[in-house]
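Summary of structural features
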Amino acid sequence: MADTATRTIIRTRGRRAHAAFGSRPSSGTRHPLVATAMVLPLAALLVVVFGGWEAVVTQASSVGVMLGR
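Residues numbered from 1 in each chain as written. Predicted model: local features only at pLDDT ≥ 70, side-chain atom pairs only at ≥ 80, totals over all residues. Heavy atoms only, no water.

Some thoughts on the overall build of the protein chain
Looking only at helices and strands, the protein chain has three helices and zero strands in total. For the protein chain, the N- to C-terminal ordering of α and β elements is α-α-α. Per-residue burial over the protein chain gives 1% buried out of 69 residues. Accessible area of the protein chain: about 6600 Å², with a carbon and sulfur share of 67%. (Helix = DSSP H or I, 4+ residues; strand = E, 2+ residues; numbered from the N terminus. Buried < 20%, exposed > 50% of the residue type's maximum accessible area, 1.4 Å probe, protein only. Areas by Shrake-Rupley, 256 points an atom, 1.4 Å probe, with all protein chains shown as cover.)

Here's the deal with the confidence of the model for the protein chain
Per-residue confidence for the protein chain gives a mean pLDDT of 75, with 59% of residues at or over 70. Least confident of the elements in the protein chain is helix α1 (residues 5-20), whose mean pLDDT is 58; most confident is helix α2 (residues 32-50), at 87. (pLDDT = per-residue confidence, 0-100.)

Brief notes about the UniProt feature "transmembrane region" (unreviewed entry) in the protein chain
UniProt's entry tags residues 33-53 with the feature "transmembrane region" (unreviewed entry), counted in the numbering of this structure. End-to-end, the C-alpha atoms of residues 33-53 are 23 Å apart, and along that stretch the chain is 90% helix and 0% strand. (UniProt positions renumbered as here; feature names shortened; annotations may be inferred.)

Here we look at α2
Taking 1.5 Å of rise per residue, 19 residues should cover 27 Å, and α2 covers 26 Å from first to last C-alpha, within 8% of that figure. Along its length, α2 reaches its greatest deviation from straightness, about 30°, at valine 39, and the proline proline 41 lies no more than four positions downstream. Burial analysis of α2 places just zero of its 19 residues in the buried class, which makes it a mostly uncovered element. Phi for glycine 51, located one or two positions after α2, is positive at around 65°. (Expected span 1.5 Å × (residues − 1). Bend = angle between axes of the 7 residues up to and from the residue.)

Things to note about a nonpolar patch on the surface
A surface patch of nonpolar side chains, about 540 Å² in accessible area, is lined by Leu42, Leu45, Leu46, Val49 and Phe50. Here valine 49 shows up in helix α2. Of the residues examined, valine 49 reaches a relative accessible area of 54% and is grouped as exposed. (Patch = residues over 30% accessible without salt bridge, like charges linked within 9 Å, V, L, I, M, F, W, Y side chains within 5 Å. Salt bridge = Lys/Arg side-chain N within 4 Å of Asp/Glu carboxyl O.)

Printed below as a string of C-alpha cells:
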C-alpha cells in the first residue's frame, strides 16, 4: 500500500504556511486590467525586437473595418 500519510502531512503544512503569510489560494481569475498591465510590456518588447509595428497596425485596421468603423 502506498505511503499517503507523509504526503498528507506535507500538504497540511503547506496550507498552514500560506495562511501564516496571509496569502490566499489562487482562484484562477485575474482582473482584465491586471492581465493587460502584465502583457503590454512584453508585447511592446516583441514589437520593437521583431519590427512588427506595421503588422499590428494592419491587423488593427482590418478589425476596425470588419467592425464597421
